[in-house]
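Topology and contacts: notes
These are the residues of each chain, in order.
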Amino acid sequence: MVRPNPEPEETVKRQDKMRRLLPGFRLTLGFTLFYLSVVVLIPMSAMILRGSGIGWDGFWKYVLHPRAIAAYKLSLVASMTAALLNVLFGTLLAWVLVRYTFPGRRLMDALVDVPFALPTAVAGLTLGNLYGPQGWIGQWLAPMGIAGVNSQFGVVIALMFVSLPFVVRTVQPVLESFEQEVEEAAATLGAGRWRTFFRVVLPTLLPSIITGFALAFARALGEFGSIQFVSGSIPFRTEIAPQILIQHLDEHETAGAIAVALFLLIISFLILGTINLIESWARRFQN
Amino acid sequence: MSIELRHISKRFGDITAVRNISFTVGEGELVGLLGPSGGGKTTVLRMIAGLETPTEGDLFVRGRRMNDVPVQTRNIGFVFQGYALFKTMTVFDNIAFGLRIQKQRCADIAARVEELVKTLGLEGLERRFPHQLSGGQRQRVAIARALAPKPNVLLLDEPFGAVDAKIRQELREWLVQLHDELNITTVFVTHDQEEAMEVSNRILIFSRGNLEQLGTPREVYEQPRNEFVARFIGVMNVLEMTVSGGIARLGGLSFPAHGHSEGQTLRIGFRPYAVQVSMSPNEYRHQAILKHTYFLGIMLRLELETPDGLVVRARMSKEDYARLKLEDGMSVSFQIREYRVLAREGEILTPEVSIAHPTVLGEGI
Amino acid sequence: MARSIHRVLTPANTRSRRGADESRLTQWLLIGIAAVFVGLFLVLPLVSMFYEAFRKGPRAYISALTQESTLDSIRYTLTIAVLVVPLNALFGIAAAWALTRFQFRGKALLTTLIDLPFAISPVVVGVMLIALFGYQGWLGPWLRAHDLKVVFALPGMVLATVFVTFPFVARELIPMMQSQGTEPEQAALTLGASGWQVFWHVTLPSIKWALLYGLILTTARAMGEFGAVFVVSNRIAGEMPIPLWVDNLNADHRGSEAFAVASLLAFLAVCTLTLKAWLESRHQHEEAAGLWTTDSPVVNSGESETAFTPHTPS
């Protein structure tokens, strides 16, 4: 994540120059660091230290509890499924929004942000109703033997809803800046639309699609609010990882909550690291 | 005949980009489409490629009507202004792209790519990605990629537009050499008249969707068909004069009325090289001050100001300048050896008038 | 979250013609799939939300909203927003200034740190606060000795919300200030302006829309946050913000009341989206007028040839 610094000497020189040029370096950086310390670093260290007090045995007991493992599995599989479906629909949406003009395009573009803007509790409430047995969509699913809520299906739907914009908004700008000439070049060389898309466009979009996938996946993995409304929290079946944490808290097992939280934190860092790696890999093709 | 356009027009909505254009390009010719931006030249190039469809008219390549042939099957090599290289592919894969589309055998592809890499001087760069290349190298990759499938025609859109001035000159010469070597019918677009003059066998000059003139560089320079061409190709002094007493006048300068009646205006144009300058204030008819000398390399451009405030541009070799011992601020005299009466837009120009006998001018002055 | 006012607000792509386009049929097919997807997946939940909220008539709706606990939850939510938004705005401006106007070691690390809330699950954030301020937390004994309560009370909810929402303003400002460069500010300095004058008269006017957009996002998110606040709340009726109250009502099988209260937040979301759309058109308008210098792709227009046949100068 820390990119290599240029020549030390040069850095120092540039630093001095920049510092002289505009005022406020100490003030703004100082405030930024202070704020981040109070809000992020101190609570995080508190949790890490409290966690280390639990000891390895206690930690693993909580983290590897069968019920917890079932929840991780669902979290992982459901988030993965939701993110993959979003790659499909999100890329399609981005393509349609960037490439075609049609009535309602601006509205569609604005609607993509609904999951960003709608509080997750509200999303969970309305999705739970919509996909419930009497809901507008759920009543059609029931005869097919699909339970829209209190089911893994419902979890996937909710996670898909909250993470959709990440894929669209990551792919969209890349598609917008994609040069039309490149596709025309492929055409003059004899490539048809499909081949141009798969050989030329898709490889260029791929880093942004993967980034979008990772962001959507990370968002889905951490989601709690909407799931609270649709999953029914059935142990071993529809419980997701954050709900295990809540369950520990409800039972006043703070140590358990902290152990699971630490575990989730580590996973978050791994994902964040992966996203950074992908982005630096994607920069390979930039000038 | 390699390319033929018959009465081609192209409209985008209400805007006519190209208006009733006909021309032919012979096999193996190197032709430049020249004009200011908005002239329609790029649209013509893209129609030949199949990237745009003509609204009216017929387009033939090697005798076959191409209007409805999709771009993929036209067998055209197109080099884009921004090169449009495939960023995620190496130089090798970029060049091989068209061959792979044709499903050629691997060995054949490798051989053809290697051949082009040699021809275009790209040895050792095959494994690089486009972002690891210089501007000139990128352009050569773009040309190699276009040439790989052995196209019938090579089309280049502003091929020298994206490189800096010094490399431009080298690239021009290089393009001429490449064309001589491959002898492929080549059409390129440029807005730079010098570039068009230097590189092309023939030039087509476009303005506002019209084909203004078509000819060899020498023809368009020496016999421009209209004022637009005359002014676009090279530098021209233009004087707007009013006829009075049978003579067209502007300040101290005067010309015969050329059939224009009293009170009418006519426009006179003359090239800077047609202006003869002397350091002696009385050798020629017109007096002026040498306001400024611009050094353009081997040639110099002089800016003369007449007592009435008219500015006349003259051109002179370094040697002549030294011989005449000219200096900025000097009083000089000049005369105009050749000029032409400029027709109104769309009208055809009359030939140049040569002032062999100063009496023609001197008459009535 | 790779969003910024730039990217999201890039003007509609006005490509006129492409030599190699999909067939009309394919285009409409894809548009159709997208429209059906958006309709079923994004619009229907919103519509159903308002339908459910008003199903039992306006009287039930109003009584759900005016009951004591609902009013308390509204008070809580507004208090949180009023405290969190200015703090995060200040932080966003300071961070953006430090990160875009100076070079220093650890800049990349700091940037990553600002993105942290996007990666961490909100419930984990809540647990962090419990680890620090809870009964057995670091500061637990001290807080108890002074009879102060942070977690399971309003201060904890405020802190949790600050954590979850602090990147929004910074994330909007950083790309904007980066693309604008420091030349206008340097010019102001050469004209004798002081640091504050530079900020007020040069920087602030040029980032005001991005700042406003960041504030809107922060407000929306602060009012809607569920997970982090859920963990640090005591979950007693009357002492929770709106989203938790919705959950509480729903858990008590008071569905129609839950929808009525939730409709407040849904309305807020619709306002957010509308404001965003308005800001976008504002931005495009000013951009067209040349007031903004952005790195968005240049769309040629007018009589230039490129208007018909766009090619990208490189």
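Just so we're clear, the structure is a prediction, and the values are computed from it rather than from any experiment.

**Considerations on the overall build of chain A**
A count of helices and strands for chain A gives 13 helices and zero strands. Each helix and strand of chain A, ordered N terminal to C terminal, gives the series α-α-α-α-α-α-α-α-α-α-α-α-α. Principal axes of the C-alpha set define a box for chain A whose edges measure 60 × 55 × 30 Å. By residue count, 60% of the 287 residues in chain A fall in the buried class. As displayed, chain A has an accessible area near 11,900 Å², and 67% of this comes from carbon and sulfur atoms.

**Observations concerning the nonpolar core**
One broad trend across soluble globular proteins is that nonpolar side chains are buried collectively. Among the nonpolar cores identified, the biggest contains 221 residues, and A:M47, A:L245 and C:V124 are the most heavily contacted of them. At 15 residues, helix α3 (residues 66–99) of chain A tops the list of elements feeding residues into this core. The residues that make up this core include at least three from each of domain 1 (8–52) and domain 2 (56–286) of chain A. Ignoring anything within four residues of it in the chain, the contact list for A:L245 reads A:A257, A:V260, A:A261, A:L264, C:V123, C:V124 and C:V127.

**Considerations on the packing of helix α2 (residues 91–101) of chain B against helix α3 (residues 106–119) of chain B**
Residue and element names in this part refer to chain B. Put simply, α2 and α3 touch, their axes get as near as 10 Å, and they point 130 degrees apart. Classed by the angle they form, the pair α2 and α3 counts as oblique. Regarding α2 and α3, the two cross each other, and that crossing is right-handed. Judged by residue contacts, F92, I95, A96, L99 and R100 of α2 engage I109, A110, R112, V113, L116 and V117 from α3. Along the lines of polarity and charge, the residues of the contact of α2 with α3 split into nine nonpolar, no polar and two charged.

**Considering the domain arrangement of chain A**
Residues and elements named next belong to chain A. In terms of domain boundaries, chain A breaks down into domain 1 (8–52) and domain 2 (56–286). If you look at the interface, domain 1 gives five residues, while domain 2 gives six residues. Between domain 1 and domain 2, the buried area comes to about 490 Å², and carbon and sulfur atoms account for 88% of it. The largest share of the area that domain 1 buries against domain 2 comes from M44, M47 and R50, three residues that together contribute 74% of it. Counting the contacts that link domain 1 with domain 2 gives zero salt bridges.

**Some points on the pattern of salt bridges**
Applying the stated rule across the entire model yields 38 salt bridges over all chains. Note that B:D93 is salt-bridged to B:R100, the shortest N-O span being 3.0 Å. What makes B:R100 partly exposed here is its relative accessible area of 30%. One network of salt bridges, with partners in common, ties together A:D109, A:D113, A:R169, C:K276 and C:E280.

**Observations regarding unusual backbone geometry**
For A:N150, which is not a glycine, the phi torsion comes out positive at approximately 50 degrees. Take A:N150: it is sitting in the loop between α7 (138–141) and α8 (152–176). Of note in this structure, B:K150 is not a glycine but carries a positive phi near 50 degrees. Within the element layout of this structure, B:K150 appears in the loop between α4 (135–147) and β7 (153–157). Its relative accessible area of 56% is what places B:K150 among the exposed residues.

**Topic: the packing of aromatic side chains**
The description of an aromatic ring pair rests on the distance of the ring centres and on the angle between the ring planes. Residue and element names in this part refer to chain A. The tally for this structure, following the rule as stated, stands at 36 aromatic pairs over all chains. Their ring planes at 40 degrees and their centres at 4.8 Å tell us that Y72 and F263 sit as a pair that is tilted. Note that Y72 is positioned in helix α3 and F263 in helix α13 (residues 254–282), a separation of 191 residues in sequence. Between F116 and F166, the aromatic rings sit 5.1 Å apart at their centres with planes inclined by 80 degrees, giving edge-to-face as the arrangement. With F116 in helix α5 (residues 114–117) and F166 in helix α8, this pair connects stretches of sequence that are 50 residues apart. Note on F166: relative accessible area 6%, which makes it buried.

**Regarding the pairing of strand β8 (residues 185–190) of chain B**
Residue and element names in this part refer to chain B. The buried fraction of β8 is high, at six of six residues. Here β8 shows a buried face lined by T185, V187 and V189 and a second buried face lined by T186, F188 and T190. The pairing of strand β3 (residues 30–34) with β8 spans five bridges and is classified as parallel. In the strand pairing of β8, L33 is matched with V189.

**Looking at the interface of chain B and chain A**
The partner chain A presents 23 residues to the 27 residues of chain B that form the contact. For the pair chain B and chain A, the summed buried surface comes to about 2,300 Å²; carbon and sulfur atoms form 61% of the total. For the interface between chain B and chain A, the tally reads one salt bridge. A salt bridge links A:E184 to B:R46, with the nearest nitrogen and oxygen atoms 2.7 Å apart. Scanning the region where chain B abuts chain A turns up three residue pairs in polar contact (both at pLDDT 80 or more). Only β6 (76–79), α2 and α4 of chain B provide two or more residues apiece to the side of chain B that touches chain A. Of the residues contributing to the side of chain B that touches chain A, the split by class is 15 nonpolar, six polar and six charged.

**Notes on the layout of surface pockets**
Considering only enclosed or pocket space, the second largest pocket measures out at about 720 Å³ in volume. Within the residue set of the lining of the second largest pocket, elements represented by two or more residues are α6 (120–130) and α11 (225–230) of chain A together with α2 (24–54), α13 (242–251) and α14 (255–288) of chain C. Ranked by residues supplied to the lining of the second largest pocket, first place goes to α6(A) with four residues. Classifying every residue of the lining of the second largest pocket gives eight nonpolar, 14 polar and four charged.

**Some thoughts on the sheet that holds strand β18 (residues 311–317) of chain B**
Residues and elements named next belong to chain B. Read across the open sheet, the five strands follow the order β15-β19-β16-β17-β18; overall the sheet is antiparallel. Of all strands in the sheet, those bounded by a partner on one side alone are β15 (275–278) and β18. Within the sheet, the average angular offset between the axes of one strand and its neighbour, ignoring direction, is 45 degrees. In this structure, strand β16 (residues 286–295) lies alongside strand β17 (residues 299–305), joined through six bridges in antiparallel fashion. If you follow T293 over to β17, its bridge partner there is L302.

**Here's the deal with empty space enclosed by the protein**
Counted according to the given criterion, the structure contains five cavities of 30 Å³ or more. Empty space within the largest cavity amounts to approximately 90 Å³. A:A218, A:L221, A:G222, A:L264, A:I267, A:S268, A:I271, C:A119, C:I120 and C:S121 are the residues that line the largest cavity. Those elements that place two or more of their residues in the lining of the largest cavity are α10 (193–222) and α13 of chain A. Ranked by the residues each element gives to the lining of the largest cavity, the list is headed by α13(A), at four residues. In terms of residue class, the lining of the largest cavity is built from seven nonpolar, three polar and no charged. Here the second largest cavity defines a volume of roughly 60 Å³.

**Section: the sheet that holds β7(B)**
Residue and element names in this part refer to chain B. Strand order across the open sheet formed by six strands is β6-β7-β8-β3-β9-β10, with mixed pairing between neighbours. At either margin of the open sheet sits one strand with a lone partner, and together these are β6 and β10 (210–215). Mean inter-strand twist for the sheet, computed between neighbouring axes without regard to direction, equals 15 degrees. Packed on one face of the sheet, α4 meets β6 and β7 and runs near 170 degrees to β6.

**Some thoughts on the packing of α3(A) against α2(C)**
One can describe the packing of α3(A) onto α2(C) by two numbers: an axis separation of 9 Å at closest approach and a directional angle of 120 degrees. Here α3(A) lies oblique to α2(C), going by the angle between them. Helix-helix and strand crossings are classified by hand; for α3(A) and α2(C) the assignment is left-handed. Of the residues in α2(C), those touching α3(A) at A:F89, A:L92, A:L93, A:W95 and A:V96 are C:L30, C:I31, C:I33, C:A34, C:F37 and C:V38. Each residue belonging to the contact of α3(A) with α2(C) can be placed in one class, and the counts come to 11 nonpolar, no polar and no charged.

**Examining α13(C)**
Residue and element names in this part refer to chain C. Of all 10 residues in α13, eight are buried; the element is thus mostly enclosed. Residues of α13 that are buried: I242, P243, L244, W245, V246, D247, N248 and L249. Downstream of α13 by a residue or two, H253 has a phi angle that is positive, lying close to 60 degrees.

Reading the values: rules and limits
Residues numbered from 1 in each chain as written. Chains lettered and ligands numbered in written order. Predicted model: local features only at pLDDT ≥ 70, side-chain atom pairs only at ≥ 80, totals over all residues. Heavy atoms only, no water. Helix = DSSP H or I, 4+ residues; strand = E, 2+ residues; numbered from the N terminus. Buried < 20%, exposed > 50% of the residue type's maximum accessible area, 1.4 Å probe, protein only. Areas by Shrake-Rupley, 256 points an atom, 1.4 Å probe, with all protein chains shown as cover. Core = buried A, V, L, I, M, F, W, Y, C linked by side-chain atoms within 4.5 Å. Domains from an automatic or database assignment. Contact = heavy atoms within 4.5 Å. Axes fitted to C-alpha atoms, helices over the stretch in contact; angles between N-to-C directions. Parallel < 35°, antiparallel > 145°, perpendicular 65-115°, else oblique. Left-handed = near helix turned anticlockwise from the far one by under 90°. Nonpolar A, V, L, I, M, F, W, Y, C, P; charged D, E, K, R; others polar. Buried area = accessible area lost by both parts, 1.4 Å probe. Salt bridge = Lys/Arg side-chain N within 4 Å of Asp/Glu carboxyl O. Phe/Tyr/Trp six-rings, centres within 6.5 Å; stacked < 30°, edge-to-face > 60°. Pairing = 2+ DSSP bridges. Polar contact = N/O pair within 3.5 Å; in protein donor to acceptor, adjacent residues only side chain to side chain. 1 Å grid on protein atoms, 1.4 Å probe; cavity = no way out; pocket = protein on both sides within 12 Å on 5 of 7 lines; lining within 4 Å. Points joined across faces, edges and corners; volume = space filled by probe spheres on them.

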